[in-house]
Amino acid sequence: MVKETKFYDLLEVPPNASEADLKKAYRKKALRLHPDKGGDPELFKEVTHAYEILSDPEKREMYDMRGEAGLSEGGMGGMDPQDLFSQLFGGGGFGGGGGFFGGGGGSRSQGPRKTKDLVHRVHVSLEDLYKGKTTKLALTRNVICSKCKGKGGKEGAVRTCHSCNGRGIKVSMRQMGPMIQQIQSACDECSGAGEIINAKDRCTHCKGKKVLPEKKFLEVHIDKGMKGGQTVHFRGESDQSPTAEPGDVVIVIEEKPHDRFKRQENDLIIEVELDLLTALAGGQFAIKHLDDRALIVHLEPGEVIKHGDLKVIHGQGMPSQRHHEPGDLYVKLDVKFPESIDLEAIPLLERALPPRKPLQTFDKNVILEEVNLDNTDTRARGGIADDRMDEDTDEPRVQCANQ
Ligand SMILES: [Zn+2]
Ligand SMILES: [Zn+2]
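Please read these numbers as outputs of a predicted model, since none were measured by experiment. (Residues numbered from 1 in each chain as written. Chains lettered and ligands numbered in written order. Predicted model: local features only at pLDDT ≥ 70, side-chain atom pairs only at ≥ 80, totals over all residues.)

1. Observations concerning the overall build of the protein
Working step 1: A count of helical and extended segments in the protein gives eight helices and 16 strands.
Working step 2: Residues counted as buried form 20% of the 403 residues belonging to the protein.
Working step 3: Counting only contacts in the protein whose residues sit at least 6 apart along the sequence, the fraction spanning at least 24 positions is 64%. (Helix = DSSP H or I, 4+ residues; strand = E, 2+ residues; numbered from the N terminus. Buried ≥ 20, exposed ≤ 12 C-beta atoms within 10 Å, placed from the backbone. Contact = placed C-beta atoms within 7 Å.)

Rendered as structure tokens:
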């Protein structure tokens, strides 16, 4: 019995959730709520805090016993949500640079500084997620200039800017009424670079920039059974820099909507249209699968399929990513009625089908009135707008060379 469930509710898990469940739930929510992906920063912080508590067995026990109030007594410092996110996903998180959550003033002190992660979303068809695929991506990233080895010029040509002591910024004070304001601005001597290279000594290859853009191809292995939101990391493949470790290239898998199949975890759902005769008297229908097979389904005569019936074909869903155990294929049967029927066939139907339900009878004082049944105008209901999302264009430096 837990005292309160707020943190579990934030992660949308029951209070008896396992550690793996919690991690899974947090991953899912964090990917969706990450501020770099347009999520709500406050909610992301809250969800991250909830996970921070619940993922620590001691803190979780305390929370279960005494609720949120029990935690604050211990006086524990909050963790930078960005850091927790990075730990889970490896690498610097989306957008890399710290300070997004600013205001706390806590500096990020974990390992050497890294360049920004390069995040790219790949839109993958359900067919490719079913069969697995290797796709090539071309990306342009900065690499250290091979001629000057990242120095920007000849040996000894690079001097620290004395005006700013190599910091690249200048701080000045300004009186604003009763307040003194500190203003930071880029150093005008070195244009914020912190160092000065004489024009004639500048590396001709990189023009003193120390790095040059280079195109690189990456092979992304889409494993069978991968799901939307999963990531593939290429460690250290982001921009190189003379002063920082290269960040990662992070590929985010996005599942393209399929025109016939819907996916629910490892199960597939398909709607199949069935003619009335097959529904009533048996027959067969085919389902083209996501690979090169078609499933032939027999319906035994004598069993009646009703409109909207949901059946299952075991073992024909998506493969699970780890062991490739398949999920199930659910088949929703939509019985297609004929538009009209030959009058001569009606006696045959009367013989085959259960008799008509007799007309309901009413008290004598109820007035019986005969009316017409007209077709309604379905067009008046209006269409449903197509609101599918367009290809993500946040990171134009990566192009899909072969998808
Ligand atoms: Zn150079
Ligand atoms: Zn300077």
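2. A word on the environment of H205
Working step 1: Looking at where H205 falls in the secondary structure, it is placed in the loop between β6 (195–197) and β7 (211–222).
Working step 2: For H205, a count of 12 C-beta atoms within 10 Å puts it in the exposed group.
Working step 3: Apart from residues lying up to four places away in sequence, H205 is in contact with C145, K147 and C148.

3. Focus: unusual backbone geometry
Working step 1: At K149, a position not held by glycine, the phi torsion is positive, near 55 degrees.
Working step 2: Take K149: it is sitting in the loop between β2 (133–144) and β3 (158–160).
Working step 3: Take K149: there are 12 C-beta atoms within 10 Å of it, and that puts it in the exposed class.
Working step 4: Although it is not a glycine, K210 sits at a positive phi angle of roughly 75 degrees.

4. Some points on the environment of D291
Working step 1: With respect to the element layout, D291 can be found in the loop between β12 (283–288) and β13 (294–299).
Working step 2: Separated by 161 residues in sequence, D291 and Y130 have C-alpha atoms that sit 7.4 Å apart.
Working step 3: Other than its neighbours up to four places away in sequence, D291 contacts Y130 and K131.

5. Some points on the sheet that holds strand β9 (residues 249–255)
Working step 1: If you walk across this open sheet you meet the three strands as β1-β9-β8, and the pairing is mixed. Both edges of this open sheet fall to β1 (118–124) and β8 (231–234), since each of them pairs with a single strand only. Each strand of the sheet is rotated relative to its neighbour by a mean of 20 degrees, with strand direction disregarded. (Pairing = 2+ DSSP bridges. Axes fitted to C-alpha atoms, helices over the stretch in contact; angles between N-to-C directions.)

6. Digging into helix α3 (residues 41–54)
Working step 1: End to end, α3 covers 20 Å across 14 residues, agreeing with the expected 20 Å (1.5 Å per residue, within 8%).
Working step 2: All buried positions along α3 are accounted for by F44, V47, T48, A50, Y51 and L54. The buried residues of α3 all sit within an arc of 155 degrees when viewed along its axis, so they share a single face. (Expected span 1.5 Å × (residues − 1). Arc of directions from axis to C-beta.)

7. Structural notes on the nonpolar core
Working step 1: Judged by nonpolar contacts, the single largest core of 23 residues is most densely connected at L129, I222, V249 and I253.
Working step 2: For this core, the secondary structure elements donating two or more residues are β1, α6 (126–131), β2, β9, β11 (267–275), α7 (276–281) and β15 (329–336).
Working step 3: Among residues more than four places away in sequence, those in contact with I222 are V124, D128, L129, G132, K133, T135 and I253.
Working step 4: Ranked by size, the runner-up nonpolar core spans 14 residues in total, among them V13, Y26, A50 and L54. (Core = buried A, V, L, I, M, F, W, Y, C linked by C-beta atoms within 7 Å.)

8. Describing the confidence of the model for the protein
Working step 1: Residues with a pLDDT of 70 or more make up 83% of the protein, whose mean pLDDT is 81.
Working step 2: In the model, residues 73–109 has pLDDT below 50 throughout and makes 54 contacts with residues more than four positions away in sequence or in other chains.
Working step 3: The low-confidence segment residues 384–396, where pLDDT is below 50, has six contacts with residues more than four positions distant or belonging to other chains. (pLDDT = per-residue confidence, 0-100.)

9. Here's the deal with the sheet that holds β15
Working step 1: Strand order across the open sheet formed by four strands is β10-β11-β15-β14, with mixed pairing between neighbours. Edge positions in the open sheet fall to β10 (261–264) and β14 (310–313), since each of these has one partner strand only. Direction aside, the axes of adjacent strands within the sheet are offset by 30 degrees on average.
Working step 2: Summarising the sheet, β11 and β15 pair through eight bridges and their orientation is parallel. Looking across to β15, one finds that E271 is bridged to K332.

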